[in-house]
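A structural walkthrough
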Amino acid sequence: MAGVPYTFGTATTSIPLSNLDSNFVTPVTIGNASVALGNTITAIGNLTLNNVTINSGTINASVSESYSLANAVVYSNSSNVGVTNSNLTFNGSTLTTLNLAYTGTFTGGTGVIAIGTNQIYKDATGSVGIGTASPITKLDVVGNINFGPADGSCVAVGTTNTFTPSGGNPTAYYGMTFAGFTTNSLSFSGYNGLAFYTNAGLERMRIDSSGNVGIGTSPTTYTGYTSLALNNATSGGVYDILSNGTRVAAFFSSNVTTTLASITSIPLAFRTGNTEAMRIDTSGNVGIGTASLTAGYGPLQFVSGASGSLISTTDAGLNIAQYNGEAYLISYATLSAGGLWTARSTSSSSISSRVGTIVFTTNTGLTSGSSFSPTERMRIDSSGNVGIGTSSPNASAILDAQSTTKGVRMPNMTTTQKNAISSPAAGLMVFDTTLAKLCVYSGSAWQTITSV
Amino acid sequence: MTTFNWQVVQMDRLTSDSFVITCHYTVNAVDGDYTASTYGTTSYTKVEGETYIPYADLTEAECVGWVQDSLGKDTVEASLQAQIDLLKNPVQESGVPW
């Protein structure tokens, strides 16, 4: 029989292929047949089965052999029913290609499909695993997912591909969640940036290729900076901070005001070098260098024990200082924490309060930046006595003026001007330039001090 | 040659009289293989006594005109053109030496 081509046409009976011996190498075509494969055939050559039903049996492939099943149905038994537990097995170490050249619908039972070890898997419930044989969701992929043309190892979404949300209608904008698990982060990568959309396809947020973020607007760009821009057509943006669901702080700007706000009743603190430098307490009092503000001490408080200049203009034209418990109002000079005075102009002056005493100083002939000690000119002591040219006005004198080079000059006026003083008080003293006399009012008339 | 495509993709309006208070816009610039885009919003306030085009009669061209008047058409297009110029002739690049 060797070398004779055999074609089995329409057959009504089973053909015992087991009768074909190993020398039967001529291609065999069985068309429109119902074939009952009996024993295992291990070594036939090229076998083409057209429009056949294979009821049972096993086809074993050998080297260089190929099998084509066209329009074939395989059953596990001769009754053509009971597909459950049916098996179609392709054996053979060289079975490298399985071509199911169908153009219709590939159907089957509800059983498991397992291709490769942890490569492609469908369980009996219809869940599909890629990279896993234990899908925990309808589609469980262990590994990266690549959409569209890949240009790297990252997850990529091609220009024509989209993630289709549940329901299969991308235009419906169903919610969709991506989640990183345990220690693994969730990454999105866009070579030229990322854009995020919400309802109606409106772009809401964008991260540009430089890492700048824009919410409600395209990111703003500043060379050397990374920016976060928030935009709203009506008022602007709000940077909101919540604590366990409660809004506690906000930074926002309207068209007219920029606000840094502590929403709940908590202080607002400012840090430099991660150390608190200033705070505003819930009453609106400002503390500089201190977090402990005292009620009743005023709306601006400095750290206790601070000395030197506390408030000053940039040219030190006005300077408020504290040193050794004494308060200074200084003009054109500063007072450092060590009690050192520094001139900011060619002259300076100060008013200081020294434990109940008010001291007035003036200085001239200074050089800007030079150190000096203020020169006292006048003081009002705690008793209310005024000393000029003395730091210790006599207790008996309400006004104590002392000098070895200057005197005290009374107001100079003519007799007419003197007499025009309305209701002069007793003891009032003037120098009458008409009379060239020092005059004192007795209580009823002007008297001259005749020896002068 | 860069072409600029202005679009108003969404508008917010008052329910009482359909006065448009916000336009959401996008501007896409294309020069060959280089593209740049921007998006944002512009707001509008109703002035009593003024007459307005009925909402149903508004066209996208009219609304795009509002946005362009608000933002400055030339300013926006110049900004996008600058982005495209940077794409064409980048002044910085990224990478690691290893």
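This text follows the structure it describes.
Residues numbered from 1 in each chain as written. Chains lettered and ligands numbered in written order. Predicted model: local features only at pLDDT ≥ 70, side-chain atom pairs only at ≥ 80, totals over all residues. Heavy atoms only, no water.

The subject of this paragraph is the pattern of salt bridges. It is possible for side chains bearing opposite charge to pair when their charged atoms get close. Residues and elements named next belong to chain A. All told, the structure shown has nine salt bridges over all chains when counted by the stated rule. Notably, a salt bridge pairs Arg-206 with Glu-203, separated by 2.6 Å at the nearest N-O pair. The two residues Arg-206 and Glu-203 agree in class, both being buried. (Salt bridge = Lys/Arg side-chain N within 4 Å of Asp/Glu carboxyl O. Buried < 20%, exposed > 50% of the residue type's maximum accessible area, 1.4 Å probe, protein only.)

The subject of this paragraph is the nonpolar core. Val-8, Met-11, Cys-23 and Val-67 of chain B are the most contacted members of the largest nonpolar core, which has 18 residues in total. Breaking this core down by element, the ones donating at least two residues are β1 (3-13), β2 (20-31), α1 (60-71) and α2 (73-88) of chain B. Of all the elements, β2 of chain B adds the most residues to this core, at five residues. Apart from the residues lying within four places of it in its own chain, the contact partners of Cys-23 of chain B are Val-8, Gln-10, Met-11, Gly-40, Thr-41, Thr-42, Tyr-44, Cys-63, Trp-66 and Val-67 of chain B. Ranked by size, the runner-up nonpolar core spans nine residues in total, among them Ile-330, Leu-335, Ala-343 and Phe-372 of chain A. (Core = buried A, V, L, I, M, F, W, Y, C linked by side-chain atoms within 4.5 Å. Helix = DSSP H or I, 4+ residues; strand = E, 2+ residues; numbered from the N terminus. Contact = heavy atoms within 4.5 Å.)

Before going further, it helps to examine unusual backbone geometry. All names here are of chain A. Phi is positive for Tyr-332, close to 60 degrees, though the residue is something other than glycine. Tracing the chain through its elements places Tyr-332 in the loop between β27 (326-331) and β28 (333-335). Overall, the relative accessible area of 34% leaves Tyr-332 in the partly exposed class.

Quick look at the sheet that holds strand β39 (residues 446-448) of chain A now. In a beta sheet, neighbouring strands are held together by backbone hydrogen bonds and run either parallel or antiparallel to one another. Residues and elements named next belong to chain A. An order of β36-β37-β38-β39 is seen for the four strands of this open sheet, with the pairing classed as mixed. The two strands at the open ends of the sheet, each matched to only one other strand, are β36 (412-413) and β39. In the sheet, strand β37 (residues 429-432) pairs with strand β38 (residues 437-441) via four bridges, with the strands oriented antiparallel. Bridge pairing in β38 links Met-429 to Val-440. (Pairing = 2+ DSSP bridges.)

Let us now look at the sheet that holds strand β11 (residues 120-122) of chain A. Residue and element names in this part refer to chain A. Taken in spatial order, the four strands of this open sheet run β10-β11-β12-β13, and their pairing is mixed. Looking at which strands have only one partner, the edges of the open sheet turn out to be β10 (113-115) and β13 (139-141). With strand direction ignored, the average angle separating the axes of adjacent strands in the sheet is 10 degrees. Inspection of the sheet shows β11 paired to strand β12 (residues 128-130) by three bridges, in the antiparallel sense. What sits directly across from Tyr-121, in β12, is Gly-129. (Axes fitted to C-alpha atoms, helices over the stretch in contact; angles between N-to-C directions.)

With that settled, consider the packing of aromatic side chains. Using the criterion set out here, one finds five aromatic pairs over all chains in the structure. Aromatic ring contacts, followed pair by pair, group Tyr-328, Trp-341 and Phe-372 of chain A into a single cluster. The ring of Tyr-55 of chain B carries Arg-13 of chain B above its face, with NZ or CZ at 4.2 Å from the centroid. (Phe/Tyr/Trp six-rings, centres within 6.5 Å; stacked < 30°, edge-to-face > 60°. Lys NZ or Arg CZ within 6 Å of the ring centre and 35° of its normal.)

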